[in-house]
Amino acid sequence: MNNNNNNNNNNPTTVAPRGSKLAFSRRNMLTAGAIAGGALMLGGKARAAESPSTPPDHNHGGAHPATHTPRSGEHFPPGEPGRDYTPVVVPNGWTLPYRIVDGVKVFHLVAEDVEHEFAPGLKANCWGYNASVHGPVIEAVEGDRVRIFVTNKLTAPTTVHWHGVLLPSGMDGVGGLTQRAILPDETFMYEFTLRQHGTLMYHSHHDEMTQMGMGMTGLFIIHPRNPQDPRPDRDFALMLHEWKIEVGASRPDPNEMTDFNTLTINAKCFPGTQPLIVKTGDRVRIRIGNLSAMDHHPIHLHGYYFILTETDGGVIPESARWPETSVLVPVGSTRTVEFVADNPGDWAMHCHMTHHVMNQMGHGIANMIGVQPGDLDARIRKLLPGYMTMGENGMGGMTEMGMSVPQNSIPMVGGVGPYDEITMGGMFTILKVRDEIANLNEDPGWYEPPPGTMSLPATKESLEQSGVRADGASAPRAPAAATKSWILPPPLRRAPGAPHHHGH
Ligand SMILES: [Cu+2]
């Protein structure tokens, strides 16, 4: 073993932050307390002697030791943004700043009431952390020691559970089981060393249905100390959620079990979702957590396929990764996907459950498709001024500006796109990939496709040239045999002597 080899990521006794000239030996990484404690988090010999402990890069290479011995005291110097990791981008959200005290990263979460805007026009009184819904992203580095204070400014007791984080049982934040609840106006302290990396989460673990339903969730992202995969250029962090907000109500209804009408990415529904902005050629990582009450969300990206690289259990060995275009993010899980953004454009990214890309009023209304209102509207207007039959051609058109919606509610679908209404809402956002972009934090506007690369009304010449008639008559029709129902052959004659069921 060569302790001076900067790039030897497989050497368990050294840890060299990527791109750094430094190679830390195990000894100078560990605090005196750790050595006194005798248990070494890293280190070949120490680990061999204490087989259950896990090196920080245990998720690489396919081996997944399943046990860990979290102990206090052993940790690395705090990982630094830029040097040790590229900070995540949180559309419509933010990352929680920390202070370093004696080599420990100190965070402070405050559980409290938050008036939250889901999209322009829709606000509700939710519960969140530090003036935001959901809570800010906690971002740290494997090997960091973190101390997280939680102040409860709610009128209800609460706790915070660190979902997926390997830690001592007493730090797990399960109300009643691993601690007593944090009462209103109390502050609790959680402290542990991060001995893994990945996309994890945090959420209330006291009266979960109510408190998570009111918004008390967040992402907990731990970067590898010693990454083996290439670092992403853009690393996005998204949290999925679902809400029931009655039209006109000022609070979400956390008692709802099935009929959610507000579906969100980082607590915003389209058109309030901030786009994901990247440069052509960027290596893009998207981390998606789901702490919805009841639904798994298949998140679909247009224009690309991506590779599923991580779950909240860690990195998927390269040989076991697979490509897909929709990643199912189950409740209580995270999924991380990566791709190289080599296809410029405005690309839709959304949940593929079609009811999850509708806003408040798109659910459970009377089905008017195919209804021909005739003079119905004029007749009803005599009784109900302003009455208009809606939905006879579906929900498109419901976006149209000037269409009035009740106070504190948003139209069932979308916003104004570059060409037409975007008939989407809810769990929908846009990946914007641009060759030239000055400011990745500013919306670059709509994509303008190069001439000849955009669908337009067919011209007479192009129709004629291709032998296509505009009335549709030249298109193949389904042959009768292809749409015919199957008819079972007649039954076999009953064999003589077979039992009779309807006999005398
Ligand atoms: Cu969904």
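Refer to the structure above for everything that follows.
Scope of this entry: the structure provided in the associated data block. Computed from a predicted structure; not experimentally measured.

Rules used throughout
Residues numbered from 1 in each chain as written. Predicted model: local features only at pLDDT ≥ 70, side-chain atom pairs only at ≥ 80, totals over all residues. Heavy atoms only, no water. Donors = N, O, S within 2.8 Å, 3.2 Å for Na, K, Ca; no water. Salt bridge = Lys/Arg side-chain N within 4 Å of Asp/Glu carboxyl O. Helix = DSSP H or I, 4+ residues; strand = E, 2+ residues; numbered from the N terminus. Buried < 20%, exposed > 50% of the residue type's maximum accessible area, 1.4 Å probe, protein only. Phe/Tyr/Trp six-rings, centres within 6.5 Å; stacked < 30°, edge-to-face > 60°. Lys NZ or Arg CZ within 6 Å of the ring centre and 35° of its normal.

Concerning the coordination of the copper ion
Item 1. The protein atoms donating to the copper ion are His297 (ND1), Cys351 (SG) and His356 (ND1), with metal-donor distances spanning 2.0 Å.
Item 2. Read in sequence order, the donor residues coordinating the copper ion give the pattern H-x53-C-x4-H.

Observations regarding the pattern of salt bridges
In a structure, side chains of opposite charge can pair up when their charged atoms sit close to one another.
Item 1. In total, this model carries 19 salt bridges according to the counting rule given.
Item 2. Among the salt bridges present, the one from Lys105 reaches Asp144, with a minimum N-O distance of 2.6 Å. Residue Lys105 is found in strand S4 (residues 104-119), and its partner Asp144 is found in the loop between strand S6 (138-141) and strand S7 (145-152); the two are separated by 39 residues along the sequence.
Item 3. Note on Lys105: relative accessible area 0%, which makes it buried.
Item 4. When salt bridges that share partners are traced, they join Asp235, Arg283, Arg285, Arg287 and Glu338 into one network.

Description of the packing of aromatic side chains
Item 1. The final tally for this structure, using the stated rule, is 11 aromatic pairs.
Item 2. An angle of 80° between the planes, with centres 5.2 Å apart, marks the rings of Trp162 and Tyr190 as edge-to-face. Pair noted here: Trp162 is in strand S8 (residues 160-163) and Tyr190 is in strand S9 (residues 187-193), with a separation of 28 residues, a long-range link.
Item 3. Since its relative accessible area comes to 0%, Trp162 is described here as buried.
Item 4. With a centroid separation of 6.5 Å and an interplanar angle of 35°, the aromatic rings of Phe192 and Phe220 are classed as tilted. In this pair, Phe192 is assigned in strand S9 and Phe220 in strand S11 (residues 217-223), connecting sequence segments 28 residues apart. Grouping residues by exposure puts Phe192 and Phe220 together as buried.
Item 5. Every member of this aromatic cluster is reached through a ring pair, and the members are Tyr129, Trp162, Tyr190, Phe192, Tyr202 and Phe220.
Item 6. Here the basic side chain of Lys432 rests over the ring of Trp446, its NZ or CZ set 4.5 Å away from the ring centre.

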